[in-house]
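Chain by chain, the residues run as shown.
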Amino acid sequence: MTILVTGGAGFIGSNFVLDWLDHSDEAVINLDKLTYAGNLANLVSIERSQQYVFVHGDIGDSALIGRLLAEHQPRAILNFAAESHVDRSIHGPGDFIETNIVGTFHLLEAVRAYWSRLSPDGQRSLRFLHVSTDEVYGSLSKDEPAFTENHRYEPNSPYSASKAASDHLVRAYHHTYGLPVLTTNCSNNYGPYHFPEKLIPLMIVNALAGKPLPVYGDGQQIRDWLYVKDHCSAIRRVLEAGALGETYNIGGWNEKPNLDIVHMVCAILDELKPRADGRAYRAQITYVADRPGHDRRYAIDARKIERELGWKPAETFETGIRKTVQWYLDNPDWTADIQSGAYREWVEKNYTGRTA
Ligand code: NAD
Ligand code: DAU
């Protein structure tokens, strides 16, 4: 048996592919466009595995997807491929519309054509699992209950609007054509191989480089954090036992204001790699202008996946963040390789002149 993963060279996708090969004998085809966020260095440990095939390509290329499906006959397609960074979607929404909406549409069409030609047994067992985000639900005030699967869609950024559109397409392909789909909406992930444009890895790499730690606005926005390997185990569980057409929220019951996260990262670094001058890393914190349209709070109610599928996260935030900081300390070359010209251009675009 084989599964097809899209976006498997990105942060969550590569963690998922590695995790899959640790838990299963089934082969994985990894289709990835290798945008700035895709990094085959994440997968060097498995590149010679008989169980693993990498294909360079776009989810929007229906002809390529059709050929891959016909050749490998996967029993599941897991769609991780996306443009994923909110700040980039503010500077340039076009790629988000192209990949997250149009790309998902072409992928769905190719999978529908493949599914329609399968035997009745093959049709029954096929799964299309769409990996989505809690950001589609919009922003919560301080006292509102956490997002359930029935929460209204209220996306606020070009990124979340594009993910919301893709979720709706996936839903429609189930209701209209009967395509056997599953959708997961997860909270903020963190862990190894996280691209240092996102809050936690950016703070770690900037702290170690002696650079400012840019906190947007008052730093009191709340996110709900989940260690990436717990996200992977949840996806495996949904693929295994999720009910067709259903959506499952995934989260770790770990709401924290951004400033607390930055303080925790600094405190762990103070302990594991103290600054040469003996000062605390938190001295590097700088407050910068807020993100336009910044969502104030996300929180996931994960009771459905816990109750119906018996899934629970293995890590607490305290154990997961320590492992994460340690991973970045152990892998400076991974970070150095990423911080190429294109990365520096992004940092300049997003942070230069961004005064509080
Ligand atoms: P990422 O940006 O790190 O990786 C995205 C991957 O998709 C990259 O390897 C990139 O090369 C690939 N890709 C982009 N466009 C493509 C295209 N047109 N065709 C094929 N491949 C393409 O993203 P991530 O953080 O790993 O997120 C993965 C998925 O999980 C996304 O769908 C995202 O919306 C969702 N998600 C992310 C988080 C999070 O906290 N990072 C939380 C919930 C859900
Ligand atoms: O909630 C799930 C989502 O989490 C995913 O769908 C997205 O793909 C993922 O990028 C993430 O979105 P966020 O916008 O929450 O993540 P980010 O790491 O960009 O920012 C986290 C918080 O930290 C947010 O409130 C903005 C703030 N922030 C971010 C950066 C990059 C800062 O204060 N300073 C920064 O430099």
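Keep in mind that this is a model prediction, so the values were computed, not measured.

For the structure on display, the rule yields 19 salt bridges. Residue E271 pairs with R322 through a salt bridge whose shortest N-O separation is 3.0 Å. Here E271, found in helix 9 (residues 258-272), pairs with R322, found in helix 11 (residues 317-330); they are 51 residues apart in sequence, far enough to count as distant. The residue E315 makes a salt bridge to K323 at a minimum N-O spacing of 2.5 Å.

Once that is clear, we can look at the site of ligand 2. With respect to spatial proximity, 25 residues lie near ligand 2, and among them D134, E135, Y159, R291 and Y351 are the closest. A distance of 2.9 Å separates an oxygen atom of ligand 2 from a polar backbone atom of Y216. A distance of 2.7 Å separates an oxygen atom of ligand 2 from a polar side-chain atom of H294. Here ligand 2 has 690 Å² of accessible area as a free molecule, and 95% of this is covered by the chains. Among the elements of the structure, helix 3 (86-91), helix 7 (199-208) and strand 8 (213-216) are those that each provide at least two residues to the shell around ligand 2. At 3 residues, strand 8 tops the list of elements feeding residues into the shell around ligand 2. Across the shell around ligand 2, the residue classes break down as 10 nonpolar, 8 polar and 7 charged.

Here the focus is the sheet that holds strand 5 (residues 127-133). The parallel open sheet is built from 7 strands, whose spatial order is 3-2-1-4-5-6-10. Of all the strands in the sheet, the pair left with one neighbour each is strand 3 (52-56) and strand 10 (247-250). Within the sheet, the average angular offset between the axes of one strand and its neighbour, ignoring direction, is 20 degrees. Bridge count between strand 1 (residues 2-6) and strand 4 (residues 76-79): 4 bridges; the pairing is parallel.

This next bit is on the site of ligand 1. In the neighbourhood of ligand 1, 28 residues make up the surrounding shell, with I12, D32, S84, Y159 and K163 lying closest. In this structure, I59 approaches ligand 1 through a main-chain N or O atom, which is 3.0 Å from a nitrogen atom. Look at ligand 1: alone it shows 830 Å² of surface, and the protein chains cover 97% of it. Elements that contribute at least two residues to the shell around ligand 1 include exactly helix 1 (11-23), strand 5, helix 6 (158-177) and strand 7 (188-190). Broken down by element, the shell around ligand 1 gets its largest block of residues, 3 residues, from strand 5.

Among the nonpolar cores identified, the biggest contains 66 residues, and F16, L78 and I305 are the most heavily contacted of them. Considering each element in turn, this core owes the most residues, 7 residues, to helix 9. Once you skip the residues sitting within four places of it in the chain, I305 turns out to touch A234, V238, Y248, N249, I250, G310 and W311.

In this section: the packing of helix 7 against helix 11. Between helix 7 and helix 11, the least distance of the axes is 11 Å, while the angle of their chain directions is 45 degrees. What the angle tells us is that helix 7 and helix 11 run oblique. Once helix 7 is placed against helix 11, the crossing between them reads as right-handed. Here I200, P201, I204, V205 and L208 of helix 7 come into contact with helix 11, specifically with F317, I321, T324, V325, Y328 and L329. Split by residue class, the contact of helix 7 with helix 11 holds 10 nonpolar, 1 polar and no charged.

Thresholds applied
Residues numbered from 1 in each chain as written. Chains lettered and ligands numbered in written order. Predicted model: local features only at pLDDT ≥ 70, side-chain atom pairs only at ≥ 80, totals over all residues. Heavy atoms only, no water. Salt bridge = Lys/Arg side-chain N within 4 Å of Asp/Glu carboxyl O. Helix = DSSP H or I, 4+ residues; strand = E, 2+ residues; numbered from the N terminus. Near = heavy atom within 4 Å. Polar contact = N/O pair within 3.5 Å; in protein donor to acceptor, adjacent residues only side chain to side chain. Areas by Shrake-Rupley, 256 points an atom, 1.4 Å probe, with all protein chains shown as cover. Nonpolar A, V, L, I, M, F, W, Y, C, P; charged D, E, K, R; others polar. Pairing = 2+ DSSP bridges. Axes fitted to C-alpha atoms, helices over the stretch in contact; angles between N-to-C directions. Core = buried A, V, L, I, M, F, W, Y, C linked by side-chain atoms within 4.5 Å. Buried < 20%, exposed > 50% of the residue type's maximum accessible area, 1.4 Å probe, protein only. Contact = heavy atoms within 4.5 Å. Parallel < 35°, antiparallel > 145°, perpendicular 65-115°, else oblique. Left-handed = near helix turned anticlockwise from the far one by under 90°.

Note that every value here comes from positions in space, so none of it alone points to a role or purpose.
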